[in-house]
Amino acid sequence: DQAVQVVIADNLELGCALIEKAACEKALKVVDDALAQAYGARRKHREATGGQPFYDMTVLNNGRFPQELPEVLRPKPGGLTPTQQRVYEDFTRIPKQALVGGASAGSSAPGGSSAPAAGGAGGAGVGSAEDAAAEVVNNALGRIDTLLRAE
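All of these numbers come straight from a predicted model, not from anything done at the bench.

Enquirer: What is the right way to read the overall build of the chain from this model?
Expert: Along its length, the chain carries six helices and zero strands. Scored against the burial criterion, the 151 residues of the chain give a buried share of 11%. Sequence separation of 24 or more characterises 61% of the internal contacts of the chain that already satisfy a separation of 6 or more. Summing over all exposed atoms, the chain offers an accessible surface of approximately 11,300 Å²; the carbon and sulfur share of this is 59%.

The structure is reproduced here in structure tokens:
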């Protein structure tokens, strides 16, 4: 029984990495197939206009986004504002181990405060990764809240 546990522990990360790689490759193919027409439209536009920015107005105007979505969050020609871009960048800084482990340290109140979980039962270093992830999420939520109030 202990030998099985040792083998599982030794190969768990490798197994997860292989599954993640296979899922990413399949998702990439599915997404590329779904977006092939949009890629073609952008390629034609670039060739016809010499590299001018491409705005797919059908996406922006066809009601694809909920009408109740605040104006500040709706996509617009010209891309993201620096504040909006910072929100996305904050989410990329969430430690991967916190995401994989199902981190739930602290509360994520929209006000941006985080209370660390009491009596952490996790392994060494996991609490700090969870705290860092919670801090990044709370910062992003605070920025989103600021954007919504500025409207």
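Enquirer: Just to check I follow, could you spell out the side chain of D90 for this structure?
Expert: Of note, D90 is situated in helix α4 (residues 82-92). Residue classification places D90 among the buried positions, given a relative accessible area of 8%. With residues up to four places along the chain from it excluded, the contact list for D90 reads V136, N139, A140 and R143.

Enquirer: Even after reading the chapter, I still don't get the pattern of salt bridges, so can you show me in this structure?
Expert: Any two side chains of opposite charge can pair if their charged atoms end up close together. Within the structure shown, the criterion is met by three salt bridges. Two residues, K29 and D33, come together in a salt bridge whose shortest N-O distance is 3.0 Å. Of this pair, K29 and D33 are both found in helix α1 (residues 2-34), four residues apart, which corresponds to roughly one turn of the helix. With relative accessibility at 52%, the residue K29 sits in the exposed group. As a salt-bridge pair, D90 and R93 come within 2.7 Å of each other at their nearest N and O atoms.

Enquirer: I keep staring at a nonpolar patch on the surface and nothing clicks. Help me out?
Expert: Among the surface-exposed residues, V4, I8 and L12 lie close enough to one another that they form a single nonpolar patch of about 270 Å² accessible area. Tracing the backbone through its elements, the reader meets I8 in helix α1.

Enquirer: Explanation requested: α1 in the structure shown.
Expert: Think of an α-helix as 3.6 residues a turn; residues three or four steps apart then line up on the same face. For α1, which comprises 33 residues, the first-to-last C-alpha distance of 47 Å matches the rise-based estimate of 48 Å (1.5 Å per residue) to within 8%. Considering bend angle alone, the principal kink of α1 is centred on N11 and spans about 45°.

Enquirer: Looking at this model, I keep getting lost on the confidence of the model for the chain. Mind explaining?
Expert: Caution is warranted with low-pLDDT regions, since their predicted coordinates should not be read in detail. Per-chain confidence: the chain averages 73 in pLDDT, with 68% of residues scoring 70 or above. Element-level mean pLDDT values for the chain span from 58 in helix α5 (residues 96-100) up to 90 in α1. Contacts for the low-pLDDT stretch residues 102-125, under 50 throughout, to residues beyond four places or in other chains number 25 contacts.

Enquirer: How should α4 be read in this particular structure?
Expert: All of the buried residues along α4 are Q84, V87 and D90. Along the long axis of α4, the arc covered by the buried residues comes to 115°, so they all point the same way. Turned more than 90 degrees away from the buried face of α4, the exposed residues are P82, Y88 and T92.

Enquirer: Would you take a moment to explain the environment of R143 for this structure?
Expert: Relative to the helices and strands, R143 resides in helix α6 (residues 126-150). Residue R143 is classed as partly exposed on the basis of its relative accessible area of 24%. With 60 residues separating them along the chain, R143 and T83 place their C-alpha atoms 7.5 Å apart. In this structure R143 touches R86, V87 and D90, once residues within four positions along its chain are discounted.

Conventions and cut-offs
- Counting of residues starts from 1 at the beginning of each chain's written sequence and follows it residue by residue.
- A pLDDT threshold of at least 70 governs which residues receive local features in this predicted model, and a stricter bar of 80 or more applies before side-chain atom pairs are shown or counted, although totals over entire chains, interfaces and linings include all residues.
- Note that the side-chain values use all heavy atoms of the structure and ignore hydrogens as well as water.
- Comment: elements are numbered from the N terminus, with helices defined as DSSP H or I runs of at least four residues and strands as E runs of at least two.
- Categorising residues by exposure relies on relative accessible area from a 1.4 Å probe, with only protein chains included: less than 20% of the type maximum marks a residue as buried, more than 50% marks it as exposed, and the intermediate range marks it as partly exposed.
- Contacts are residue-level and defined by heavy atoms, with any inter-residue pair within 4.5 Å sufficient.
- The Shrake-Rupley method, run with a 1.4 Å probe sphere, supplies the accessible areas, and residue values consider only the shown protein chains as cover.
- What makes a salt bridge here is a side-chain nitrogen of Lys or Arg within 4 Å of a carboxyl oxygen of Asp or Glu, nothing more.
- Patch construction takes residues with relative accessible area above 30% that form no salt bridge. Like charges are linked within 9 Å, and nonpolar side chains (Val, Leu, Ile, Met, Phe, Trp, Tyr) are linked within 5 Å.
- A helix is expected to span 1.5 Å multiplied by its residue count minus one.
- The reported bend at a residue is simply the angle between two axes, fitted to the 7 residues ending at it and to the 7 residues beginning with it.
- A score from 0 to 100, pLDDT tells how confident the predictor is in each residue.
- The directions considered for the arc run from the helix axis to the C-beta atoms.

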